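Listed here are the chains, written in short residue letters.
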Amino acid sequence: MSNFNDFVIETYVLSNQQESFKPDLNIAFAIDENYLKPCGITLYSITKNNPDLHIDFHIFTTFFDPKGYQDILEKNKNIRIHVYILNTQFYDNLQINGHFTTAIYYRLSIASILKDKLEKFWYLDADILCVDSMKDMLSINIENHILAAVQDKCMKPEYIESIGLNGNNPYFNSGVLFINVKAWNDFQVFEKFNQLISKRDYKFPDQDVLNILLENKVKFIDQKFNFFTQESINPVLIHFVSSPKPWSVAAPHSARYLEYYYQSPWKDQPLDTPKNSKEAKKYAKILWGKSAYFKSIKWYFIYMHRKINK
């Protein structure tokens, strides 16, 4: 089993609290520099809807700028933010595809890093928005499981079978994970993951391999804790799984996300511009629909240029 110093180059805490601070929840994020702002907006949405909970946030990243996060901290006296600057050598050679980067693998080492500090923690992707109290998450018991997660009902049985699993069994989304630290490390998830990931290519690398490794070892919880379907429920955590992300001008915007965006410390920062040809094309269509014809044509030419020069 790898140790704390193998993974972490530097760590520090942003806090207004005394050492006696006892969190109700431990929430972890694993991001790279590109997701600093989205992670901050997720964190902001959590504090806005949970003013009565004491929360330790753990941010695992390769780069951290405290701007914005300090603003949240100053307005919320019941939180701490722990920052861990990672050594990426464990992840740099793992497979990636599409919009994924090696940052998708950072979450895999969190339980190893925190094994002497915590018994359990919630991992959240940074494309999540908290829109209600997280108090119900306090009562979820994972004593007899490695983790708890929400079923990905959008995943077709044919795809599940293509990675060697029973298509009739539930497949979980890895964007929200409630992790039992001891059980994760006892099962050597990180080590087994690294062995299995090299066997073949996967469409959803981290998620697919975790589903294979942890078959029958997962507790499935209510989808309100990781909501990304069209079903009519009252979610706690909304997960924006598709691309473009809601902080991009190319996204068919969720008014709910923008409500939090424009209340957050990042409210004066513009939404991200299109990052690839697909996003440029979508933005051109959005602009055309708004009768911004000149800008629409400009972005259509940008789309064509990017597509030709891939």
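Before any of the text, the structure's been laid out above.
Residues numbered from 1 in each chain as written. Predicted model: local features only at pLDDT ≥ 70, side-chain atom pairs only at ≥ 80, totals over all residues. Heavy atoms only, no water.

1. Describing the packing of helix 10 (residues 277–289) against helix 11 (residues 293–308)
Logical step 1: Orientation of helix 10 relative to helix 11, taken along the N-to-C sense of each, is 165°, at an axis distance of 8 Å. Relative to helix 11, helix 10 is oriented roughly antiparallel. Considering how the two elements wind past one another, helix 10 and helix 11 form a crossing that is left-handed. Contact residues: helix 10 offers Ser 277, Ala 280, Lys 281, Tyr 283, Ala 284, Leu 287 and Trp 288, while helix 11 offers Tyr 293, Lys 295, Ser 296, Ile 297, Trp 299, Tyr 300, Ile 302, Tyr 303, Arg 306 and Lys 307.
Logical step 2: Among the residues making up the contact of helix 10 with helix 11, the classes are represented as eleven nonpolar, two polar and four charged. (Axes fitted to C-alpha atoms, helices over the stretch in contact; angles between N-to-C directions. Helix = DSSP H or I, 4+ residues; strand = E, 2+ residues; numbered from the N terminus. Parallel < 35°, antiparallel > 145°, perpendicular 65-115°, else oblique. Left-handed = near helix turned anticlockwise from the far one by under 90°. Contact = heavy atoms within 4.5 Å. Nonpolar A, V, L, I, M, F, W, Y, C, P; charged D, E, K, R; others polar.)

2. With respect to the pattern of salt bridges
When their charged atoms lie close together, side chains carrying opposite charge are able to pair.
Logical step 1: Summed over the entire model, instances satisfying the criterion amount to eleven salt bridges.
Logical step 2: Across the pair Asp 186 and Lys 182 runs a salt bridge whose closest N-O atoms are separated by 2.6 Å. Of this pair, Asp 186 and Lys 182 are both found in helix 6 (residues 181–186), four residues apart, which corresponds to roughly one turn of the helix. Both residues of the pair, Asp 186 and Lys 182, belong to the exposed class. (Salt bridge = Lys/Arg side-chain N within 4 Å of Asp/Glu carboxyl O. Buried < 20%, exposed > 50% of the residue type's maximum accessible area, 1.4 Å probe, protein only.)

3. Some thoughts on helix 2 (residues 36–49)
Logical step 1: With 14 residues, helix 2 ought to run about 20 Å at 1.5 Å a step, and its terminal C-alpha atoms sit 20 Å apart, in line with that.
Logical step 2: Taken across its 14 residues, helix 2 has twelve buried, putting it largely inside the fold.
Logical step 3: For helix 2, the full list of buried residues reads Leu 36, Lys 37, Pro 38, Cys 39, Gly 40, Ile 41, Thr 42, Leu 43, Tyr 44, Ser 45, Ile 46 and Thr 47. (Expected span 1.5 Å × (residues − 1).)

4. Section: the packing of helix 7 (residues 189–196) against helix 8 (residues 205–213)
Logical step 1: As a packed pair, helix 7 and helix 8 sit with axes 10 Å apart at the nearest point and diverge in direction by 115°. With respect to helix 8, the axis of helix 7 lies roughly perpendicular. In terms of crossing hand, the pair formed by helix 7 and helix 8 is right-handed. Seen from helix 7, the contacting residues are Val 189, Lys 192, Phe 193 and Leu 196; seen from helix 8, they are Pro 205, Asp 206, Val 209, Leu 210, Ile 212 and Leu 213.
Logical step 2: A class-by-class count of the residues in the contact of helix 7 with helix 8 yields eight nonpolar, no polar and two charged.

5. Some words on the packing of aromatic side chains
Logical step 1: One pass over the structure, following the stated rule, counts 17 aromatic pairs.
Logical step 2: Ring plane angle 65° and centroid distance 5.8 Å describe the contact between Tyr 105 and Phe 193, whose orientation is recorded as edge-to-face. You can see Tyr 105 sitting in the loop between strand 4 (79–86) and helix 4 (110–113) and its partner Phe 193 sitting in helix 7, a full 88 residues away along the chain.
Logical step 3: Residues Tyr 261 and Tyr 262 carry aromatic rings whose centres are separated by 5.1 Å and whose planes lie at 75° to one another, so their mutual orientation is edge-to-face. (Phe/Tyr/Trp six-rings, centres within 6.5 Å; stacked < 30°, edge-to-face > 60°.)

6. With respect to the nonpolar core
Logical step 1: Core analysis: the biggest nonpolar cluster contains 60 residues, and Ile 27, Tyr 69 and Met 134 have the highest contact counts within it.
Logical step 2: For this core, the element with the most residues is helix 2, which contributes six residues.
Logical step 3: Aside from chain neighbours lying at most four places away, what touches Tyr 69 is Leu 14, Leu 36, Cys 39, Gly 40, Leu 43, Ile 59, Phe 64, Ile 81 and Trp 266. (Core = buried A, V, L, I, M, F, W, Y, C linked by side-chain atoms within 4.5 Å.)

7. Section: the sheet that holds strand 3 (residues 55–61)
Logical step 1: Spatially, the eight strands line up as an open sheet ordered 1-4-3-2-5-8-7-9, and their pairing is mixed. The sheet is open, and its two borders are formed by strand 1 (8–15) and strand 9 (218–220), each paired with just one other strand. Across this sheet, the average inter-strand angle for adjacent strands is 25°, counted without regard to direction.
Logical step 2: Relative to strand 4, strand 3 runs parallel, the two sharing seven bridges. (Pairing = 2+ DSSP bridges.)

8. Points about the environment of Phe 172
Logical step 1: Among the structural elements, Phe 172 can be located in strand 8 (residues 172–180).
Logical step 2: Each C-alpha atom of the pair Phe 172 and Asp 152 lies 5.0 Å from the other, and the pair is 20 residues apart in sequence.
Logical step 3: If sequence neighbours within four positions are ignored, Phe 172 has contacts with Ala 149, Val 150, Gln 151, Asp 152, Leu 177, Gln 207, Leu 210, Asn 211, Leu 214, Val 218 and Phe 220.

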